[in-house]
Amino acid sequence: MERNQMRRQLALMRQSFFDQGFLDEQFIQLEELQDDANPNFVEEVVTLYYRDSSRLILNIDQALERNPLDFNKLDNYMHQFKGSSTSIGAKKVKAECTQFREYCKAGNSEGCMRTFQQLKKEYAILKRKLEAFFQQARQAGPLETACRSRN
C-alpha cells in the first residue's frame, strides 16, 4: 500500500477513536509531547498503561470475590485505575470507572459487578484498537497530522 494512503487510513482510524467516544482530549495532549527525540512516546505510555492497569484489574477481580465486599478498598483500586485511564484519554473506560465508584459509595455490589464487566469490555476493545493503530503507524512511518496545530 502506498505510504500516503496508509497515512490517510491511519488518520481516519485515529479520528474514529474520538468520534466513537473511545478517546478524549488527553490523548491529543500526549501526542503533542511526542517529537523526534521521542517518536514512540504515545505508544510507550499506552503500553505502560496496559501493563500497569492489568495488575489493578486483577486486584479488583480478587476484591470482588470477597464476601462481604470491601467497598473502600474497591474504591481505592478504582480511583487508581481511573487516574491511569484519564492519563491516556481512555474516555469510555474512565466513564465506567466513575460509575463503579458511585456504586461503591452506594454500597451496591451488583452495580459494581455489572459495571466492572462493562469496564473490562471497554478496556479490551480500546486495547485492540490502539494495538492495531500503533502497528499501522509503525508501517506508515511518522504521521505529522497526528498532532493538532499549536496556533
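Everything below is about the structure printed above this text.
Here the structure is a predicted model, which means the values were calculated and not measured.

Visitor: Mind showing me how you'd approach the side chain of Arg 101 here?
Guide: One can find Arg 101 in helix α5 (residues 91-106). Residue Arg 101 is classed as buried on the basis of its relative accessible area of 17%. Once residues lying within four places of it in the same chain are set aside, the contact partners of Arg 101 are Asp 75, Met 78 and His 79.

Visitor: I would appreciate a short explanation of α5 in the present structure.
Guide: Along an α-helix, residues three or four apart share an orientation, since each turn contains 3.6 residues. Counted at 1.5 Å a residue, the expected span for α5 with its 16 residues is 22 Å, and the 23 Å between its end C-alpha atoms agrees. Here α5 has its buried residues at Val 93, Glu 96, Cys 97, Phe 100, Arg 101, Tyr 103 and Cys 104. Projection of α5 onto a plane perpendicular to its axis shows the buried side chains occupying an angular sector of 160°, all on one side. Residues of α5 that are exposed and point over 90 degrees away from its buried face: Lys 105 and Ala 106. On its buried face, α5 is in contact with α3 (41-65), α4 (71-88) and α6 (109-140). Phi turns positive one or two residues past the end of α5, at Gly 107, with a value near 70°.

Visitor: Could you clarify how one ought to interpret the environment of Gln 26 in this entry?
Guide: Checked against the element boundaries, Gln 26 lands in helix α2 (residues 25-33). Here the alpha-carbon distance between Gln 26 and Ser 109, two residues 83 residues apart in the chain, equals 31 Å.

Visitor: How should I be thinking about the environment of Phe 27 in this particular structure?
Guide: Following the sequence through the fold, Phe 27 ends up in helix α2. The exposure class assigned to Phe 27 is buried, which follows from its relative accessible area of 0%. Separated by 60 residues in sequence, Phe 27 and Ser 87 place their C-alpha atoms 7.9 Å apart. Every residue in contact with Phe 27, bar those within four places of it in the chain, is listed here: Phe 18, Val 42, Val 46, Ile 88, Gly 89, Leu 130 and Phe 134.

Visitor: Can you help me understand the packing of α3 against α6 in this one?
Guide: Each pair of packed helices can be summarised by the angle the axes make with each other and by the distance between the axes. Between α3 and α6, the shortest axis-to-axis distance is 11 Å and the interhelical angle comes to 160°. Comparing their axes, α6 and α3 come out roughly antiparallel. Two packed elements cross with a definite hand, and for α3 against α6 that hand is left-handed. Where α3 approaches α6, its residues Val 42, Glu 43, Val 46, Tyr 49, Tyr 50, Ser 53, Ser 54, Ile 57, Ile 60, Asp 61 and Leu 64 are matched on the opposing element by Cys 112, Met 113, Phe 116, Lys 120, Tyr 123, Leu 126, Lys 127, Leu 130, Phe 134 and Arg 138. Of the residues contributing to the contact of α3 with α6, the split by class is 14 nonpolar, 2 polar and 5 charged.

Visitor: Whenever I open this one, the packing of α4 against α6 confuses me. Can you help?
Guide: For the pair α4 and α6, the least separation of the axes is 13 Å and the interaxial angle reads 20°. Looking at the two axes, α4 sits roughly parallel to α6. α6 is crossed by α4, and the crossing has left-handed handedness. Across from Phe 71, Met 78 and Phe 81 in α4, the residues of α6 making contact are Ser 109, Cys 112, Phe 116, Leu 119 and Tyr 123. Within the contact of α4 with α6, the residues separate by chemical class into 7 nonpolar, 1 polar and no charged.

Conventions and cut-offs
- Residues numbered from 1 in each chain as written.
- Predicted model: local features only at pLDDT ≥ 70, side-chain atom pairs only at ≥ 80, totals over all residues.
- Heavy atoms only, no water.
- Helix = DSSP H or I, 4+ residues; strand = E, 2+ residues; numbered from the N terminus.
- Buried < 20%, exposed > 50% of the residue type's maximum accessible area, 1.4 Å probe, protein only.
- Contact = heavy atoms within 4.5 Å.
- Expected span 1.5 Å × (residues − 1).
- Arc of directions from axis to C-beta.
- Axes fitted to C-alpha atoms, helices over the stretch in contact; angles between N-to-C directions.
- Parallel < 35°, antiparallel > 145°, perpendicular 65-115°, else oblique.
- Left-handed = near helix turned anticlockwise from the far one by under 90°.
- Nonpolar A, V, L, I, M, F, W, Y, C, P; charged D, E, K, R; others polar.

In short, geometric facts, not functional conclusions.
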